[in-house]
Amino acid sequence: MALTGTCTNRVQNKIITTLQMESYETIQVTSSRINLHLQIQPKTDKPKKQIADFINQPCQRQCGIVYCARRKDTVDLAHELKSANINAVFVHGDLNDLERRKHERAWTIGLAQVICATKSFGMGIDRKDEQFVLDMCFPESIDDYYQGIGRAGRDGLLTLCTLFFKHEDRSFHLHNILKIEDKDYQEHKYNMNKMVKYCDSGSSCHHRCILSYFEEVSPECEEHCDICIGDIQSQKDCTINACQKFSGLSTKSGLSNFGVLSAERHLMHTQFPSKVCLS
């Protein structure tokens, strides 16, 4: 028996092939989590303060997770939240086991209101009363995003999931993708562009777009995302700016000109208009 969470048909087929399963039956349930209220907000130049202000307003005295792309950001954000009178702890891969368990327990039993974490957080931890999940940087893929917010609202109550989006964060992810030596895996990582399209969508229900990615047909949620309730904050396409930033990547990181040009070419052929849904 092979078990997995939400995944695409491509991943399912890879599991079947890897395990050499010749006779099998697939049982699949819906990936819909309608109790998650999905929201995207433009990320400011001071995201840590923005998140502290956000938690102190609609999420005051509620418990939740803030996902960060970098380990350093988890530490810095926890300090920023504490300075704003929000009891916060942090976890990331470099913490020793004793410190990690201490921080995780503080959040699990309610001594800490917020835990700032990298995406690896949460394996084996089940807290059912999380009331918000925030992403300080958009995840590398819709798979990662849905897995992260899937830890919220396990009590069935409405939970706020807010992603702070900035086009320039795409450069950070592309920089890491270019360092991957396995070309097949590198190509798989370009699924990040589907995550950007999701963030940049200004007209299509978030729930419907996510389920479409997992090849599931779904109606619009009507009232459980900012698109459907009409609470949309505008974004702008920064593809050209992102490409320009690659001109200095080869000098700073030792990447070949070919690698930089390949990334630029990939960006220029993947434009992100203001209104687009997953295809």
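Residues numbered from 1 in each chain as written. Predicted model: local features only at pLDDT ≥ 70, side-chain atom pairs only at ≥ 80, totals over all residues. Heavy atoms only, no water.

A look at the overall build of the protein chain
Okay, so step 1: In terms of helices and strands, the protein chain carries 12 helices and six strands.
Okay, so step 2: Expressed as a percentage of its 279 residues, the buried residues of the protein chain come to 48%.
Okay, so step 3: Across the protein chain, contacts joining residues at least 24 apart in sequence account for 73% of those joining residues at least 6 apart.
Okay, so step 4: Carbon together with sulfur atoms contributes 49% to the accessible area of the protein chain, which is approximately 15,000 Å² in total. (Helix = DSSP H or I, 4+ residues; strand = E, 2+ residues; numbered from the N terminus. Buried < 20%, exposed > 50% of the residue type's maximum accessible area, 1.4 Å probe, protein only. Contact = heavy atoms within 4.5 Å. Areas by Shrake-Rupley, 256 points an atom, 1.4 Å probe, with all protein chains shown as cover.)

Overview of the packing of aromatic side chains
Okay, so step 1: Counted under the stated rule, the structure contains five aromatic pairs.
Okay, so step 2: Ring centres of Phe138 and Phe165 lie 5.6 Å apart, and the angle between their planes is 55°; on these two criteria the pair is classed as tilted. Pair noted here: Phe138 is in the loop between strand E5 (132–135) and helix H5 (142–149) and Phe165 is in strand E6 (residues 159–165), with a separation of 27 residues, a long-range link. For the residue pair Phe138 and Phe165, the accessibility class agrees, reading buried in each case.
Okay, so step 3: A ring pair is formed by Tyr213 and Phe214, whose centres lie 5.1 Å apart and whose planes are at 80°; its orientation type is edge-to-face.
Okay, so step 4: Owing to a relative accessible area of 2%, Phe214 belongs among the buried residues under this scheme.
Okay, so step 5: An aromatic cluster of at least three residues, connected via ring pairs, comprises Tyr146, Tyr213 and Phe214.
Okay, so step 6: Arg70 extends its terminal NZ or CZ atom over the ring of Phe172, reaching a point 4.0 Å from the ring centre. (Phe/Tyr/Trp six-rings, centres within 6.5 Å; stacked < 30°, edge-to-face > 60°. Lys NZ or Arg CZ within 6 Å of the ring centre and 35° of its normal.)

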